[in-house]
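# An overview of the molecular structure
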Amino acid sequence: MQIPPIHKNVIKYRRVSTDEQSTNYSFASQNDIIDRFLNNQESVEVHLDITDDASGKNFKRPGFIKILEYLKNHRAQKFSLVFIDWDRFTRAPQWETYNMINILHNLNCSLYCVFKPMGLDFDDPDEVVNQAITFAIPAAERLRIRRRTMNGTRQALKQGYWCNNAPYGYKMVRENHKSLLTPNEKAPDILRGFQMLIDGNTIPEVINYLKENKVYHAHSNIYTMFRNVLYCGQVKVPALKDESEIIIEGKHQPIVSREIFQEVQDILDGKRRKQLKKHESFPLKGILLCPTCGKMLRASFSTGRHGGKFGYYHCIGTCKTRHKIQEAHNLLTHLLGELQPTEKLLSYYKMVLEDTFKTDCQAKITHTTNTHKRKAEIKQKLQHLDNLLLEGGLKSSDYYRLQENLKLELTQIENKELEVRDIEKNYKLYLDWGINLVGNLDYYYSSGTLEAKSAILGSIFPEKLIFEQSHYRTPRLNNFISLFRPSDKELQYLQIQETPANASVLFDGSP
Ligand SMILES: [Zn+2]
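Numbering of residues begins from 1 in every chain and follows the order in which that chain's sequence is written. Predicted model: local features are reported for residues with pLDDT of at least 70 only, side-chain atom pairs are reported and counted for 80 or more only, and whole-chain, interface and lining totals are derived from all residues.

### What about the pairing of strand β3 (residues 79-83)?
By the criterion of burial, β3 is predominantly enclosed, with 5 of the 5 residues buried. Where β3 meets strand β4 (residues 109-113), 5 bridges bridge the pair, whose relative direction is parallel. Residue pairing in the sheet places Leu81 in a bridge with Leu111 of β4. Any residue whose C-beta has 12 or fewer other C-beta atoms within 10 Å is treated as exposed, any with 20 or more as buried, and any in between as partly exposed, C-beta atoms being built from the backbone. Helix and strand definitions follow DSSP, with helices as H or I runs of at least four residues and strands as E runs of at least two, each counted in order from the N terminus. A pair of strands is labelled paired if DSSP reports no fewer than 2 bridges between them.

Here you go:
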């Protein structure tokens, strides 16, 4: 093999790449090797000194493009491109390598690899074989790295760990040597975005909100964003060869509930009509039915003779039902006040609930003792299996099967324990909060936002309400509220009554 001499005009080329974590390829070591090599050459002159921080999968690297441009502008001169090894030159598929060698040749540039100089003579049969092998090795190595990364990524995904970039609202946190998505300070805005879609806001409105809050910048991927299952705590493992796509429970904390996520999917699919957008002035919109025909009442303002604006809930049927909003709202405040239990009753219920909780705790302690016992048993059995294997009393296939089952049970017990601990922690918090809410219904209602109002009404009245001037009517109350309702006192502002939607039409229809 004839190795051509190095030209006087030299271009130094190094490639460092973060995805190939090898210290042999650091900038300093490559530089040092090239410099020592050049020092041993007679009168060479470095015209261009380039470092690429890029993958070698193709030649679309900023530094390499600069070299090609430089060569195009200096066609009259001959150059040698000097690098330490062929995998620094490229890891591209071989045909791309041959193609680039040809391009460089036409630009009067020869290649000089310090570790393995080659003549690049395409007429010499031995040389042709040598080239094929030399160019194939870095390319194959790249494929191997890629496959390893892909398998690793897939394996992590299957275990519920997301390992690509964190979507808006999340950040990546290292935990037990694994990256875990963790909601960041933007997470509440993401939740708000989902909620806005459900509340009937249009996509541009949601985009504006998210942009204003600096959650999101590009315009094009809003659909992808709201379709990302990561937000409801799941991970998508894409289809590969004969494996079809699967969605599994992720290890990370969701930002929105499964229900909210599904609702938004239905909206984006056009399966569900968006709810009519509620106006601050009409918190009862969507809750009030027409007492005459049973249709949902609409809400709107009309302008009075002197230009004043008056809000009404009204029926769009022929029945002409029309309620002034002040009347409906005042009566509702009275009603909420009425549903509010006395403090004495509340403290009594709190005592009962806490008592129940303590009894529950006792049961849990017994349960915990049992699980402790079972855990100890499992650990003993595992130990026993180890001994059996060592003494040759067990085939290794059996050993792994038995060990697997025991370990699985152990994990299940431990997960359950964690769950119980969480419930205990939250229980008291919810209890206090619930009692406080029930004890101050009218306050929380009148001072709440539109969302809070809807939430409070929705949780007290599982069914729609009918306003009948002197009182409201509804088929039933929430069980929890019923529990607190003083039974000795007839409610003045509420009638609990199952009425078919069109029953009153029969009476009203008479001449
Ligand atoms: Zn009506």
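After that view, the rundown keeps rolling.
### A closer look at the nonpolar core
Ranked by size, the top nonpolar core spans 24 residues in total, and within it Leu288 and Leu297 carry the most contacts. Taken together, the elements giving at least two residues each to this core come down to β9 (288-289), α10 (325-339), α13 (441-447) and β13 (465-467). A total of 5 residues in this core trace back to one element, the largest contributor, which is α10. Among all residues touching Leu288, those that are not within four sequence positions of it are Leu297, Tyr313, Lys464, Leu465 and Phe467. By definition, a nonpolar core groups buried Ala, Val, Leu, Ile, Met, Phe, Trp, Tyr and Cys residues that are joined through C-beta atoms within 7 Å. Residues Tyr13, Leu71, Val82 and Ile84 belong to the second largest nonpolar core, which totals 19 residues. In this description, any two residues whose backbone-derived C-beta atoms lie within 7 Å of each other are considered to be in contact.

### Some words on the environment of Asn478
Mapped onto the elements of the fold, Asn478 is located in the loop between β14 (472-474) and α15 (479-484). Of the residues examined, Asn478 has 13 C-beta atoms within 10 Å and is grouped as partly exposed. Considered as a pair, Asn478 and Gln495 are 17 residues apart in the sequence and their alpha carbons are 14 Å apart. Ignoring any residue separated from it by four or fewer positions in sequence, one finds Asn478 in contact with Ser459, Ile460 and Pro462.

### Focus: the pairing of strand β6 (residues 178-183)
As defined by bridge partners, strand β5 (residues 170-175) adjoins β6 across 6 bridges and the pair is classed as antiparallel. Across the sheet, the residue bridging to Glu175 is Lys178, located in β6. Remark: 2 residues form the turn of the hairpin made by β5 and β6, two consecutive strands paired antiparallel; Asn176 in that turn has positive phi of roughly 50 degrees.

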